[in-house]
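# Examining the three-dimensional arrangement
Given next are the chains, with one letter for each unit.
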Amino acid sequence: MLKIIIPTIMLMPMTWMSKPHMIWINTTTYSLLISLTSLPLLSQPNDNSLNSSLLFFTDSLSAPLLTLTTWLLPLMLMASQFHLSKEPLARKKLYITMLILLQLFLIMTFTATELIMFYILFEATLVPTLIIITRWGNQTERLNAGLYFLFYTLVGSLPLLVALLYMQNNMGTLNFLMAQYWTQALPNSWSNILLWLACMMAFMVKMPLYGLHLWLPKAHVEAPIAGSMVLAAVLLKLGGYGMMRITILLNPLTSFMAYPFMMLSMWGMIMTSSICLRQTDLKSLIAYSSVSHMALVIVAILVQTPLSYMGATALMIAHGLTSSMLFCLANSNYERTHSRIMILARGLQTLLPLMAAWWLLASLTNLALPPTINLIGELLVVMASFSWSNATIILMGVNITITALYSLYMLITTQRGKHTHHIKNIKPSFTRENTLMMLHLMPLLLLSLNPKLILGPLY
Amino acid sequence: MLRRALQPGLSRGVLGRGLGTHRGRSTLDQNGKVSEIKKKIQSVLPRGAWNPLRDTSYLPPEHSDVVIVGGGVIGLSVAYWLKRLEKPQGAIRVLVVERDHTYSQASTALSVGGIRQQFSVPENIQLSLFSVEFLRNINEYLAVVDDPPLDIQFNPSGYLLLASEKGAAVMESNVKVQRQEGAKVCLMSPEQLRNKFPWINTEGVALASYGMEHEGWFDPWCLLQGLRRKVQSMGVLFCHGEVTRFVSSSSHTETTSGEEVTLRRIHEVHVKMDRSLEYQPVECALVINAAGAWSGQIAELAGVGKGPPGTLQGTQLPVELRKRYVYLWHCPQGPGLETPFVIDASGAYFRREGLGNNYLGGCSPTEEEEPDPGNLEVDHDFFQDKVWPPLAQRVPAFETLKVRSAWAGYYDYNTFDQNGVVGPHPLVVNMYFATGFSGHGLQQAPAVGRAVAEMVLDGHFRTINLSPFLFNRFYLGEKVQEHNII
């Protein structure tokens, strides 16, 4: 693990000491190399974990998420080049440092053995994200967005700290590898119910659960492109990952404590999908679609069956790549027309045909077209929830339909039809943008050839 | 180092000013740096001078999808229709930038307020017909919850245009066009005129056209305030400032015939605050030029007309300021309450104002006698020489009158063909025009607003086809000459 962490730390002095015309080149290439170093971890031979040390380990749940995180940094750097081009040099380097710091904390979070270390780094990821949103966001609303983001997550996770300390006292250790063997069934009592809530609320806010999701549209819309990418692709998955780990210690309370959250998630996914149909702001639409997909993941994790865990892991990886790609596409629109409103930039297919191809593929993966891994994830989740209760198939079916509706609505509004007069002279697509889209899409499509890499520990 | 520290000079002033009582220099204070840091820390602490969260509510937002330059009746009408026609509701962020919130020089507030369908160009007639329908149902269009209804005091007394022998044939063909479009106009002979309006002296009049319905005058200030109120309730932001700069980028492309054109795109609008040097760059996707008489200057800022004359690059927006006078007089024996808005063959016009035998009127000066538009001072001799004689000849009762007051206002005069410019500029891709109406802007405002909104949202005119009014005609030389301009 140090072979990933130390190079990531060293990316920071490299940024500060690079020549001005080399900062982007250096950081992008080296972060790409680091992501290649994390690829071998994907070969998990059995359902045990690969333990690098007492502090770090990877198993088939965290390895795909780790690879996604490291893969995303070069993509974020490529996407940020345009809007940072007019900033002074020190600020560019500061921005890149924030991204690298965030990357570092995320790597360590996904590979942490000790749950307290996981918690500390979970909180630490908030700081660079907050700085990126409030300092480099586009509008005055970004201050509000940063506040919502910070305080929702903090308030949700403070009980988690208390719960973890209590468990440390009880069990003697919070080393996850040992805790999963030493855990005892929690008897049903009020204090244990509170313990369950305390453990889960932090991750519910992060996912986000439908009632606690207000921070997400704000943060995603106001963040600059790299902030949106990392928020959508990785930070939301922190919640899912944490829930998967911590539910092991919370048996058998989950079987009945999960009911309200299941209801909220299932209702919420239909609600947020419907909101997407009414959105006018492109980034806001993609943000709400993230909430909808993550609600599926919450349902999967709370159902707690092998099939659902496979679906949850697959969906997390697939959604990470798809959502990040959609944000990059929306950003390429925004950089040209200076407006995020969909109806003001229509009919782009005739002007930018290659970008229209990326839009088409991204929309198709968003609506879970077979044989992509999006479909595998969603299908497994639907099957698992059907076995939990037959009635959920109605809600899931409605959600899949509405997801298809808004994905195609977004595609048709931005790409098809006659283009508006005032986008006649937008710049053609840059190679950098096309590379960005392709680098998002290639893993997504290649994984459909070998999905067992991302199906998690219960495959 | 010690010697430098002990040297007198600038730094001593820094030290001495409110930082402490000792006047000597400490050995730590190298070049005044410590005292500067101390000053900075003190200013950050609660009683200091620096406040990072200062109130910037007077500034426009940093980003707005559409920026409308000019907050008169045309600009507000465009804002209203943009918010009304957008699907879904609440999508587009609109900012209206108005330099003078008292509207002291705006053409809207100083207008005589007439509305007529008696034009020669069919599009003008259609615009006016829709506008009058808007005005008649103004409380359905501009209703705001909990606010009182609007009373625009529409006096539907009609217009009476008088033509001499020379202009009679043109008037007949115009009336035919007007009837085709749906205006209700009747032609009257001098005999019929004398029967209907006994106060008219029909000497020299060969034909008259009288609008029977949908013509008259109304209160433009009420329309302006009604639009403003409604538009604010729909979520449009207002900004009190002046547009000083457009930040744009250009790109070169080739047309199908192989010639090179430079297309420009406006990225940012710099809005300068009133009476200060502070400005706010507003990032925008579209700019709508509804600046009225000053549209020419705004267009120049955007780069319209910067090129060799005779090319599309070099075609300027031919809208300039023209000053027009309006006089208010009292005449106790004057025409009664049925008096229409009379436009004489000589170009002088008058209408009844209120119920106390007051009349408003004026006359457009000829090209040679155009007054200097530098200020809004009234020339009373103009009334004596140019306005009174034709009016007194036409209406003998006006031989005894007393001028109560007078004012002057600007026409956004289109020197090319005296008709409005509506639609996008072919080269500055995201600037739309809604200006140049040369004196009949107020009466066409609601319809023009709708047309521009349709152009922005759909890409083409849907209800009234205003393609003869596009900017291209200045380059192609296709005049849309309006014969009935006062």
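Residues numbered from 1 in each chain as written. Chains lettered and ligands numbered in written order. Predicted model: local features only at pLDDT ≥ 70, side-chain atom pairs only at ≥ 80, totals over all residues. Heavy atoms only, no water.

## Examining the interface of chain A and chain B
If you look at the interface, chain A gives 24 residues, while chain B gives 29 residues. It is His-338, His-422 and Asn-425 of chain A in chain A that bury the most area against chain B; as a group they hold 29% of the surface buried on that side. Taken together, chain A and chain B are joined by 1 salt bridge. Where Arg-142 of chain A meets Glu-62 of chain B, a salt bridge forms, and the shortest distance between an N and an O atom there is 3.9 Å. Remark: the boundary between chain A and chain B carries 10 residue pairs in polar contact (both at pLDDT 80 or more). With 3 residues, helix α14 (residues 306-337) of chain A is the single largest residue contributor to the side of chain A that touches chain B. Residues of the side of chain A that touches chain B, tallied by class, amount to 6 nonpolar, 11 polar and 7 charged. (Contact = heavy atoms within 4.5 Å. Buried area = accessible area lost by both parts, 1.4 Å probe. Salt bridge = Lys/Arg side-chain N within 4 Å of Asp/Glu carboxyl O. Polar contact = N/O pair within 3.5 Å; in protein donor to acceptor, adjacent residues only side chain to side chain. Helix = DSSP H or I, 4+ residues; strand = E, 2+ residues; numbered from the N terminus. Nonpolar A, V, L, I, M, F, W, Y, C, P; charged D, E, K, R; others polar.)

## Quick look at the UniProt feature "domain: FAD dependent oxidoreductase" (unreviewed entry) in chain B
This chain's UniProt record puts "domain: FAD dependent oxidoreductase" (unreviewed entry) on residues 65-455 of chain B. Secondary structure across residues 65-455 of chain B divides into 27% helix and 30% strand, with the first and last C-alpha atoms of the span separated by 15 Å. (UniProt positions renumbered as here; feature names shortened; annotations may be inferred.)

## Comments concerning the packing of aromatic side chains
Summed over the entire model, instances satisfying the criterion amount to 36 aromatic pairs over all chains. Taking 5.7 Å as the distance between ring centres and 15° as the angle between the ring planes, the aromatic pair formed by Tyr-148 of chain A and Tyr-152 of chain A counts as stacked. On the criterion of helical spacing, the pair formed by Tyr-148 of chain A and Tyr-152 of chain A is a turn pair, its members being 4 residues apart in helix α7 (residues 142-171). Here Tyr-148 of chain A falls in the partly exposed class, since its relative accessible area comes to 27%. Between the aromatic rings of Phe-350 of chain B and Tyr-359 of chain B, the centroid separation amounts to 6.2 Å while the plane-to-plane angle is 70°, which identifies the pairing as edge-to-face. Comparing Phe-350 of chain B with Tyr-359 of chain B, the two get one shared label, buried. The ring of Trp-136 of chain A has Arg-135 of chain A sitting right over it, with the charged end atom 5.4 Å from the ring centre. Seen from the ring of Phe-238 of chain B, Arg-228 of chain B lies directly overhead, with NZ or CZ sitting 4.5 Å from the centre. (Phe/Tyr/Trp six-rings, centres within 6.5 Å; stacked < 30°, edge-to-face > 60°. Buried < 20%, exposed > 50% of the residue type's maximum accessible area, 1.4 Å probe, protein only. Lys NZ or Arg CZ within 6 Å of the ring centre and 35° of its normal.)

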